[in-house]
4 protein chains.
Amino acid sequence: MGQRESTGRQRWAYLGPEGTFTEQASRALAERLTGPIDLAPAGSVSLALDEVRTGRADAACVAMESSVEGAVPVTQDELTHGEPLLITAEAYVPVTFDLLVRPGTDRSAIRTVGAHPHGHAQIRGWLAAELPAAEAVMTASNAAAAAAVAAGELDAAAAAPVAGSRYGLQTLVADVGEVRDAVTRFVLLRRPDRPPAPTGNDRTSLVLSVGNHPGSLLTVLGEFASRGINLTRLESRPTRSRMGVYYFLVDADGHLNDPAMADVVAALIRRQALLRWLGSYPRAAGVNEVTADFATPDAYRQADDQVRRWQRGG
Amino acid sequence: MGQRESTGRQRWAYLGPEGTFTEQASRALAERLTGPIDLAPAGSVSLALDEVRTGRADAACVAMESSVEGAVPVTQDELTHGEPLLITAEAYVPVTFDLLVRPGTDRSAIRTVGAHPHGHAQIRGWLAAELPAAEAVMTASNAAAAAAVAAGELDAAAAAPVAGSRYGLQTLVADVGEVRDAVTRFVLLRRPDRPPAPTGNDRTSLVLSVGNHPGSLLTVLGEFASRGINLTRLESRPTRSRMGVYYFLVDADGHLNDPAMADVVAALIRRQALLRWLGSYPRAAGVNEVTADFATPDAYRQADDQVRRWQRGG
Amino acid sequence: MGQRESTGRQRWAYLGPEGTFTEQASRALAERLTGPIDLAPAGSVSLALDEVRTGRADAACVAMESSVEGAVPVTQDELTHGEPLLITAEAYVPVTFDLLVRPGTDRSAIRTVGAHPHGHAQIRGWLAAELPAAEAVMTASNAAAAAAVAAGELDAAAAAPVAGSRYGLQTLVADVGEVRDAVTRFVLLRRPDRPPAPTGNDRTSLVLSVGNHPGSLLTVLGEFASRGINLTRLESRPTRSRMGVYYFLVDADGHLNDPAMADVVAALIRRQALLRWLGSYPRAAGVNEVTADFATPDAYRQADDQVRRWQRGG
Amino acid sequence: MGQRESTGRQRWAYLGPEGTFTEQASRALAERLTGPIDLAPAGSVSLALDEVRTGRADAACVAMESSVEGAVPVTQDELTHGEPLLITAEAYVPVTFDLLVRPGTDRSAIRTVGAHPHGHAQIRGWLAAELPAAEAVMTASNAAAAAAVAAGELDAAAAAPVAGSRYGLQTLVADVGEVRDAVTRFVLLRRPDRPPAPTGNDRTSLVLSVGNHPGSLLTVLGEFASRGINLTRLESRPTRSRMGVYYFLVDADGHLNDPAMADVVAALIRRQALLRWLGSYPRAAGVNEVTADFATPDAYRQADDQVRRWQRGG
């Protein structure tokens, strides 16, 4: 800690190994927010977050959701059930897969292709058409497959372009993934503290715990709608305890310091529907819906003033 | 004014003449609230209210609604459009009609029966069956009919029992009205000031101005429902300007000093749906619905505290 | 009956006496719908409706609501509680009050002015300013006041212009009412039968019976909103049995033969919220809201066809 | 095909290899529904479904959701985007992981433990505590790990108990998974046809496509609520095309042949919110909520009859 303070550099944990999309996202966030940082790869999302919780790192950068696969389960579960952390920033990284080989490798020599099972799901079509004889080998991450190629254990890896330069590999074929315009959203997590100041284009993330009886999700969504709050994301997660009972991971336009957002968060607390406030932070993509007339800070202030005047007989 | 202050007696206006249900209601309210008062009959509801607005009276007692006829139009219109006054108390008076005659009058001698047209609507059946030959004479009020009987201008009047004693008449037949258990609700109006302190069993009266587009009443009613506020009355009134556009006169369980009621009133103000707050005052009949867990003052305080802690990073 | 059939003329009852706004409305409706009719004045709204119920008249024309006073209580109560009749047409009549006198009467000679109490409510301001010394005399109807003027019993009457010609009176001052653009809506009632064919610009009238518990009106209004049905009128009426319990008189855009309206009416029946269907008939003023895409007859037919195909495995 | 017909045995595809939870579910379903079947392992969920689509198999059994991980992405995507199939039955299988070894293997000899990454997620805790030195090896499925143990390529596998008997392995430690009471829900898919007859305790599965504007999910959920239809599952899936746009996978109490369900499905079609009806089939766990009075078949039939009588003037 002392060292970091003297150098002024922050230390961020991320899901390693080196060469992952997460490293790319971390560097993009650091450039935007703080300038140079020390990046520390961790063996898993949970280990990266523990670095922050224990104070060994200032922040952790982890994948939150993919436009193809949806929520990243381990991140969701950590944010929902682990020791609380706050989202303070987000970044979007386009997800493309290159077929990486050791320099000089010929396509005809490829007998094994490594990737994480999710990566394999993305290149299955390409592989069946172009390298039907190659064996698909599962690895713990796409970057691990690249490392295995560098070590001579595999012939090729499907991985992020950044992994190629990291492990001294060559891109044999670029962009072999099936889904065009795939993108992953990363978040930067810190220990709970005052949220970043509102910018006018912010997002608030919440975990809702919605009762099992009919209409309860309807009621909770009504709390947002009646305050003009737009939801940009609503994903269910099973509760782990009982099939058919869900948490909902919600992203909403606005900052907890906006009166309308503070109002809806208080309403969710009163209804015992808010499991966690996960943070309020600047949006990195898109802009908030225009705030309805009845939900602006001015509308709130004027209404509150009027009610207080009537209560006092003024 | 000086005189009232020296005697300590309040002066209340009411819709006269003497001998009306309104006088009865005024006396009941005075007994409950203030002790002896000076009661000043006024020629109309509007004149009674003007006594208060100009400061010549401390309060006015007027009929608000009847279990048979619904809202009293002139009272509703005065509360909606006139110079603002606040409801500070309410009283319920059972409405019964006696057939009143000069002492000694025989039933066979009755050729004319006076009453306000509303009164006649109540006794039409009885009259057709029992005095089919008698002529129904319309008067400006039932008490005016009683006065006309006393003056010898009519043979009988259908009026409140109190009118009999007031004008020296005799009850020939009691309770000739058609509707059993008819009751009228009266309210006591004062110049705007701090509302009476909450008692735990209060009512709040509002005038809503609901836009003409589909779903707008639905939205407004949703504001009450989502805060657990029970409505005991919802009456529409035409706006006077355009057929098909309505105000809604609403009574709701709770006091403006209750957080849930303050919350819904603020929401109505923000939506420009609140034309007027008409007052918060103790209920004189019935008890409030049990407050939902999510709408208690404690639930509000705890949720507000939590949001503030998060905003400050505490 | 035989005579009517041979002449082809219908017999309609209306609230008399002659010279009322209702007579005006009846003549306008007859002209639009049937050609010449025999008009039979009745002594009350209830008596006019009984003429139809017993078959002595083919139809009855009665006032339904006024832009100033709102619903006409006796009409509402008859439609809600009386032996069922159906609305088959509507008409709007502008309501203006003329001050009518015997020909040659001078303004200075007016000592008494007759009108129904509702009429007096409309001219109170004019009378106070222009004839402050005149006595306001209540009569059973404005036309009755005109008749009394013709008979020499009163000096002047505030009544419909048509009453002047009917009783040989002269208009001393035109349009003495307080509310500009006042208009009354009249309806033509017949014995229950197939409703008039849809015209594409129809109205459906309903009486809702909404339970007393919180949210029940909200639920019922949601049935209309979710089917894109626009309400042009929503008026509450006390139930006569218990203060705080209401019926709601509703006018909605559309015809019972439209699938969306049939759908919402069926939903109200299932919820035991429909006390009565009062009829579906052409609108005489204004045009329906544009039907939402999801509520058109085509949308209904296609969706029903699809569901049936799935059910059959087709 | 001829062969199957002559033997009367059906051929079902499932996600192999042999020894998976899916095989267990298939056998349980066959026992309940059809008697002996020929089970054909397929290399992936997609290949299993293609067997049905091309007519080579009568049905396919695949995992739909896990109480721990939520929806199975590939199944959801196939049901949402692939050539349509219908769910005709469901089964629940408890998910437990045994640590499987070759007979005679000692715990101290375990250097590598194979499992699918999801399986590793379940045993991570146990492994860290009990076999901290063992290497976690990712395989394409847990059963593939068991096969690799049998082949001598790995020392141990975490897999379903059924995999032990299938591959001649021994359970060294039973139930090493982290989540108690984990259960997976499997569904049986067939080519589109008439759904199984209603049993009174059925489930209907749907894919909703909910517009991106605020309140659209609220509106769609309101269609279910207003018809008394209980949802037992609501899971979001990204649309693959745009971050922030979701499909919703919904399970609801009831059968498409129930009037209330047919009604809500038609409403979803009209709103262009129904991407797919995935089938109506008997529930294998739990019982439906009691149907509200206003949503029973009787309530529907009576209301429809009444509306038709009114339309005809009957």
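Residues numbered from 1 in each chain as written. Chains lettered and ligands numbered in written order. Predicted model: local features only at pLDDT ≥ 70, side-chain atom pairs only at ≥ 80, totals over all residues. Heavy atoms only, no water.

- Chain A is annotated in an unreviewed UniProt entry as Prephenate dehydratase of Nakamurella multipartita.
- Listed in UniProt under the heading Catalytic activity (unreviewed entry), the comment for chain A reads: "prephenate + H(+) = 3-phenylpyruvate + CO2 + H2O". (UniProt positions renumbered as here; feature names shortened; annotations may be inferred.)

Looking at the pattern of salt bridges
Side chains that differ in charge, positive against negative, can pair when their charged atoms come close.
And then number 1: All chains considered together, the criterion is met by 92 salt bridges over all chains.
And then number 2: As a salt-bridge pair, Glu 65 of chain B and Arg 233 of chain B come within 3.3 Å of each other at their nearest N and O atoms. Pair noted here: Glu 65 of chain B is in strand S3 (residues 59–66) and Arg 233 of chain B is in strand S13 (residues 231–238), with a separation of 168 residues, a long-range link. With respect to class, Glu 65 of chain B is no different from Arg 233 of chain B; both count as buried.
And then number 3: As a salt-bridge pair, Asp 251 of chain B and Arg 185 of chain B come within 2.7 Å of each other at their nearest N and O atoms. On the criterion of sequence distance, the pair formed by Asp 251 of chain B in strand S14 (residues 246–253) and Arg 185 of chain B in strand S11 (residues 183–190) is long-range, its members being 66 residues apart.
And then number 4: Arg 185 of chain B sits in the buried class, given a relative accessible area of 0%.
And then number 5: It is possible to trace a salt-bridge network through shared partners that takes in Glu 65, Glu 90, Arg 185, Arg 203, Arg 233, Glu 235 and Asp 251 of chain A. (Salt bridge = Lys/Arg side-chain N within 4 Å of Asp/Glu carboxyl O. Helix = DSSP H or I, 4+ residues; strand = E, 2+ residues; numbered from the N terminus. Buried < 20%, exposed > 50% of the residue type's maximum accessible area, 1.4 Å probe, protein only.)

Re the relation of the copies chain A and chain D
And then number 1: Relative to chain D, chain A is turned by 180 degrees and slid 0.1 Å along the rotation axis, the superposed coordinates differing by an RMSD of 0.1 Å. Classification of the inter-copy transformation places it as that of a two-fold axis. (Least-squares fit on C-alpha atoms with pLDDT ≥ 70 in both.)

What to know about the interface of chain B and chain A
And then number 1: With 29 residues of chain B at the contact, the number on the chain A side is 29 residues.
And then number 2: Taking both sides of the interface into account, the surface hidden between chain B and chain A amounts to around 2500 Å²; carbon and sulfur atoms contribute 62%.
And then number 3: The three residues of chain B that bury the most area against chain A are Arg 270, Trp 310 and Gln 311 of chain B, which together make up 29% of that side's buried surface.
And then number 4: Seen at the junction of chain B and chain A, the total is 2 salt bridges.
And then number 5: Across the chain B-chain A interface, the total number found is 8 residue pairs in polar contact (both at pLDDT 80 or more).
And then number 6: Mapped by element, the contributors of at least two residues to the side of chain B that touches chain A are helix H8 (216–226), helix H9 (259–270), strand S15 (274–282) and helix H10 (297–312) of chain B.
And then number 7: The element that contributes the greatest number of residues to the side of chain B that touches chain A is H10 of chain B, accounting for 9 residues. (Contact = heavy atoms within 4.5 Å. Buried area = accessible area lost by both parts, 1.4 Å probe. Polar contact = N/O pair within 3.5 Å; in protein donor to acceptor, adjacent residues only side chain to side chain.)

Some details on the relation of the copies chain B and chain A
And then number 1: At an RMSD of 0.1 Å, chain B and chain A line up after a rotation of 180 degrees and a shift of 0.0 Å along the axis.
And then number 2: Residue by residue, 100% of the interface of chain B is reproduced at the interface of chain A, so both copies engage with the same surface.

Some details on the pairing of strand S8 (residues 135–138) of chain A
Walk down a regular strand and you will see the side chains alternate between the two sheet faces.
Residue and element names in this part refer to chain A.
And then number 1: Here strand S7 (residues 112–115) runs beside S8; their pairing, made up of 4 bridges, is parallel. In the strand pairing of S8, Val 113 is matched with Ala 136.
And then number 2: In this fold, the crossover linking S7 to S8 by way of helix H5 (residues 117–130) has right-handed handedness. (Pairing = 2+ DSSP bridges. Right-handed = clockwise from strand over helix to strand, strands pointing away.)

A short note on the sheet that holds S14 of chain B
All names here are of chain B.
And then number 1: The strand order S13-S14-S12-S15 describes an open sheet built from 4 strands, whose pairing is antiparallel. Both outer strands of the open sheet, S13 and S15, are each paired with one neighbouring strand and no more. Across the sheet, the mean angle from the axis of one strand to that of its neighbour is 15 degrees, orientation sign disregarded.
And then number 2: Here S13 pairs with S14 via 7 bridges, running antiparallel. Its bridge partner lying in S14, Leu 231 is registered against Ala 252.
And then number 3: Its contacts with the sheet place H9 against strand S12 (202–209), S14 and S15, and it is angled at close to 10 degrees to S12. (Axes fitted to C-alpha atoms, helices over the stretch in contact; angles between N-to-C directions.)

Some words on the interface of chain A and chain D
When the parts of a complex come together, some accessible area is lost, and that lost area is often taken as the interface size.
And then number 1: With 38 residues of chain A at the contact, the number on the chain D side is 37 residues.
And then number 2: In this assembly, chain A packs against chain D so that about 3100 Å² is buried in total across both faces, 59% of it on carbon and sulfur atoms.
And then number 3: Run the count over chain A and chain D and you get 0 salt bridges.
And then number 4: Secondary structure elements with two or more residues in the side of chain A that touches chain D: strand S3 (59–66), H5, strand S11 (183–190), helix H8 (216–226), strand S13 (231–238) and strand S14 (246–253) of chain A.
And then number 5: Ranked by residues supplied to the side of chain A that touches chain D, first place goes to S13 of chain A with 7 residues.

Some thoughts on the pairing of strand S1 (residues 10–15) of chain D
All names here are of chain D.
And then number 1: Sheet topology note: the S1/strand S2 (residues 37–42) ladder contains 6 bridges and is parallel. Across the sheet, residue Ala 13 finds its bridge partner in S2, namely Ala 40.
And then number 2: The parallel pair S1 and S2 is bridged by helix H2 (residues 21–33), and the resulting crossover is right-handed.

What about the arrangement of the chains?
And then number 1: Considering only C-alpha positions, the minimal separation of the non-contacting chain A and chain C is 12 Å.
And then number 2: Chain D makes no contact with chain B, the minimum C-alpha separation between the two being 12 Å.

Considering the nonpolar core
And then number 1: One finds Leu 208, Phe 224, Phe 248 and Val 265 of chain A together with Leu 208, Phe 224 and Phe 248 of chain D to be the most contacted residues of the largest nonpolar core, which totals 61 residues.
And then number 2: Residue contacts for Phe 248 of chain A: discarding those within four places in its chain leaves Leu 206, Val 207, Leu 208, Val 210, Leu 217, Leu 234, Glu 235 and Ser 236 of chain A together with Leu 234 of chain D.
And then number 3: Core analysis: the second largest hydrophobic core is formed by 60 residues, Leu 234, Trp 277 and Ala 295 of chain B together with Leu 268 of chain C among them. (Core = buried A, V, L, I, M, F, W, Y, C linked by side-chain atoms within 4.5 Å.)

Some thoughts on the domain arrangement of chain A
All names here are of chain A.
And then number 1: For chain A, the assigned domains are domain 1 (8–94 + 183–193), domain 2 (98–173) and domain 3 (194–314).
And then number 2: Centre-to-centre, using C-alpha coordinates, domain 1 lies 24 Å away from domain 3.
And then number 3: Roughly 1900 Å² of surface becomes buried between domain 1 and domain 3 when both sides are summed, with 50% attributable to carbon and sulfur atoms.
And then number 4: Taken as a group, Thr 80, Ile 87 and Glu 90 account for 26% of the area that domain 1 buries against domain 3, more than any other trio of residues on that side.
And then number 5: Counting the contacts that link domain 1 with domain 3 gives 10 residue pairs in polar contact (both at pLDDT 80 or more).
And then number 6: Looking at the side of domain 1 that touches domain 3, the elements that each hand over two or more residues are S3, strand S4 (70–71), helix H4 (73–81) and strand S5 (86–94). (Domains from an automatic or database assignment.)

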